[in-house]
Amino acid sequence: MYTERTSWTRDLPRCGSVTTMSRTLGRTRKARHFMTDSLHTPAAPVRVPTRMLVEALIRTDHTVDAGELYAAADLLGMTDQQVRLCIKRLVAERRFVQEGRGRKALLRATDATAQALGPDVEFVAHAFRQDAGLAPWDGIWHLAAFAVPEDTRTARDTLRTALTRLGGAPVQGGLYISANAWEPYVEDEALRLGVHGRLTLLTTDDLRQGDVRDPAALARTLWPQDEIADRYRQLASVAEPRLRQLQDDAGPSSLQQLTIAVELAAEFTRAMEHDPLLPPELLPQPWPGTEARRLVAQCWQLLDRLGQSGTAAEQHVRLFRLYDDAVRGTDSAGQRRDG
């Protein structure tokens, strides 16, 4: 087992969780009105699941204020019943512990939920490092093989899901591949499931499927690149008009900033959660993910700037501070390299 994480994210800054919004959101019908009436806000809505909203409101101390949650949900057109059912499910799944009742309650993330926040930040930061040319591929393929007996098929199926979530592609039964050094994450998952002894890890720079040996051609075969690219094109179509709104001299209101932040969070998650983060050397260029992340990063920075400048009154909308720190770290590293 590794004594430290010598993975593809080893040089990335470890960021905290997202900061809180102001408690002065207030429940108001006017809050929703601008979404259909504003000349600047895109007509096409973005679907924001209730669970995703809860995760977006996790603060640096890994808590969620129920009052903020209900107010934000109301703003996005969600009912109180949706919120209550979502909280009930999250508590039943042991992802959160609820302290208090109703709008005065506090949701506290469990250790497992809090720990899950870290890798997401690392993966996002790694994507921006790739975009900036700071993470060139070393030509090494990383493979994970396992043979888990039928009587522990739940662990086997969970491991398969985890390998896919980590960006792996199935080569054949029980054999998965990644272009990134994912070993620490794979081993952590195998240990958690109690199947570490049935896991085999290996690396190679000589991979061939049939007569196909070219790395980019192999990547096209192993991963659904067209589907991944389409999700990023959708993200760009959501981010671009919202960026224009944030750049408008009049500037969006605090409530508009909140809606933009949550909608971008939802669409960004949809694009990123299925992205294996293949190195640029294995992708067609220009890659839609690079442009989409650039647009979203600009939105993050403007949202953060608006919150700090006071133009958002007391509504410091900083849902993306978690990832904004990662982007800033990438920018600093790129400047040092160029200098």
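Just above, that's the structure.
Because the structure is a prediction, the values reported are computed rather than measured. (Residues numbered from 1 in each chain as written. Predicted model: local features only at pLDDT ≥ 70, side-chain atom pairs only at ≥ 80, totals over all residues. Heavy atoms only, no water.)

A count of helices and strands for the protein gives 12 helices and 7 strands. The buried share of the protein, reckoned over its 339 residues, is 51%. For the protein, long-range pairs separated by at least 24 residues make up 77% of all intrachain contacts whose partners lie at least 6 apart in sequence. A total accessible area of about 16900 Å² is found for the protein, and carbon and sulfur atoms account for 49% of it. (Helix = DSSP H or I, 4+ residues; strand = E, 2+ residues; numbered from the N terminus. Buried < 20%, exposed > 50% of the residue type's maximum accessible area, 1.4 Å probe, protein only. Contact = heavy atoms within 4.5 Å. Areas by Shrake-Rupley, 256 points an atom, 1.4 Å probe, with all protein chains shown as cover.)

Turning our attention to the sheet that holds strand S2 (residues 96-99). Taken in spatial order, the 3 strands make up an open sheet running S1-S3-S2, and their pairing is antiparallel. What marks the edges here is a single partner per strand, and that holds for strand S1 (63-65) and S2. Ignoring which end each strand starts from, the neighbouring axes of this sheet average 20° apart. Pairing of S1 with strand S3 (residues 106-109), which is carried by 3 bridges, proceeds in the antiparallel orientation. Looking at the pairing, Thr63 lines up with Arg108 of S3. (Pairing = 2+ DSSP bridges. Axes fitted to C-alpha atoms, helices over the stretch in contact; angles between N-to-C directions.)

Before going further, it helps to examine helix H4 (residues 80-92). Given 3.6 residues per helical turn, the α-helix brings residues three or four places apart onto the same face. In a regular helix each residue adds 1.5 Å, so 13 residues correspond to 18 Å; H4 covers 18 Å between its end C-alpha atoms and thus fits that length. For H4, the complete set of buried residues consists of Val83, Cys86, Ile87 and Leu90. Taken end-on, H4 shows its buried residues confined to a sector of 100°, consistent with a single buried face. Structural note: H4 exposes Lys88 and Ala92 on the side pointing more than 90 degrees away from its buried face. One or two residues past the end of H4 sits Arg94, with phi positive at roughly 60°. (Expected span 1.5 Å × (residues − 1). Arc of directions from axis to C-beta.)

At the junction of Gln285 and Pro286, the peptide bond is cis and its omega measures out at 0° in the coordinates. Topologically, Pro286 is positioned in the loop between helix H10 (254-272) and helix H11 (288-309). One non-glycine residue, Leu277, lies in positive phi territory at about 55°. Along the chain, Leu277 falls in the loop between H10 and H11. On the basis of relative accessible area, Leu277 is assigned to the buried category, the value being 4%.

A separate point is the side chain of Thr110. With respect to the helices, strands and loops of the structure, Thr110 is situated in the loop between S3 and helix H5 (111-131). Non-local contacts of Thr110, meaning those with residues more than four positions away in its chain, are made with Arg94, Arg95, Phe96 and Val97.

Let us now look at the pairing of strand S5 (residues 169-172). Sheet faces and side chains relate simply in a regular strand, where the side chains alternate between the two faces. For S5 and strand S6 (residues 175-178), the ladder comprises 3 bridges, and the chain directions are antiparallel. Bridged to Pro170 within S6 is Tyr176. Following S5, the chain reverses through 2 residues before pairing antiparallel with S6; Gly174 in that reversal takes a positive phi of roughly 75°.

Tallied over the full model, the rule gives 17 salt bridges. Between Arg95 and Glu55 there is a salt bridge, with its nearest N and O atoms 3.0 Å apart. Of this pair, Arg95 sits in the loop between H4 and S2 while Glu55 sits in helix H2 (residues 50-56), and the two are 40 residues apart along the sequence. On the basis of relative accessible area, Glu55 is assigned to the partly exposed category, the value being 31%. Between Asp80 and Arg103 there is a salt bridge; the shortest N-O distance is 3.0 Å. Here the residue Asp80 occupies a position in helix H4, and Arg103 occupies one in the loop between S2 and S3, the gap between them amounting to 23 residues. Given a relative accessible area of 23%, Asp80 falls into the partly exposed group. Through salt bridges that share partners, Glu150, Arg153, Arg156, Asp157 and Arg160 make up one connected network. (Salt bridge = Lys/Arg side-chain N within 4 Å of Asp/Glu carboxyl O.)

On the basis of which strands lie adjacent, the open sheet formed by 4 strands has the order S5-S6-S4-S7 and antiparallel pairing. Taken across any chain shown, the strands that pair with only one partner, and hence form the sheet edges, are S5 and strand S7 (199-204). Strand-to-strand twist across the sheet, computed as the mean angle between neighbouring axes with direction ignored, equals 30°. Lying on the sheet, helix H7 (residues 183-193) is in contact with strand S4 (141-146) and S7; it crosses S7 at an angle near 170°.

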